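Coordinate inspection notes
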Amino acid sequence: MEPTAVDIPTQLERRRKALTVKELADAVNLSTKQIYELVALRYIPSYRIGGSIRFDPKRVADWLRSQAA
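Described in the following lines is the structure provided in the data block. All values derive from a computational prediction rather than experimental measurement.

1. Brief notes about the nonpolar core
- The biggest cluster of nonpolar side chains holds 15 residues, and the ones touching the most others in it are L24, I35, I44 and F55.
- Breaking this core down by element, the ones donating at least two residues are helix 2 (21–28), helix 3 (32–40) and helix 4 (57–68).
- Among the elements that line this core, the one with the most residues is helix 2, at four residues.
- Those residues in contact with I44, other than ones at most four positions away along the chain, are L24, L38, V39, F55 and W63.

Structure representation (structure tokens):
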């Protein structure tokens, strides 16, 4: 039996800690520059801790699913 493929939003939801820009960029196959641009446009849900941008895995997964609809 082949292992079942898990979609990107589900993979992200399984993470227990906030995602960094690099981690999210790698997961969705975008550059970090593109992620920063999406954050600047307030297009992708994010928050800041000090000077760092972080992403809640559940909120990003929900956002990705809404973009696919």
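Structure shown, so let's carry the discussion forward.
2. A closer look at the pattern of salt bridges
- Under the counting rule described, the total for this entry stands at six salt bridges.
- A salt bridge links R65 to E13; the nearest nitrogen and oxygen atoms lie 3.0 Å apart. You can see R65 sitting in helix 4 and its partner E13 sitting in helix 1 (residues 8–13), a full 52 residues away along the chain.
- Close ionic contact of R65 with D62 constitutes a salt bridge, the shortest N to O distance being 3.8 Å. With R65 and D62 both in helix 4, this residue pair falls three residues apart, about one helical turn.
- Note on R65: relative accessible area 33%, which makes it partly exposed.
- In this structure D62 comes out as partly exposed when scored by relative accessible area, which is 35%.

Definitions and cut-offs
Residues numbered from 1 in each chain as written. Predicted model: local features only at pLDDT ≥ 70, side-chain atom pairs only at ≥ 80, totals over all residues. Heavy atoms only, no water. Core = buried A, V, L, I, M, F, W, Y, C linked by side-chain atoms within 4.5 Å. Buried < 20%, exposed > 50% of the residue type's maximum accessible area, 1.4 Å probe, protein only. Helix = DSSP H or I, 4+ residues; strand = E, 2+ residues; numbered from the N terminus. Contact = heavy atoms within 4.5 Å. Salt bridge = Lys/Arg side-chain N within 4 Å of Asp/Glu carboxyl O.

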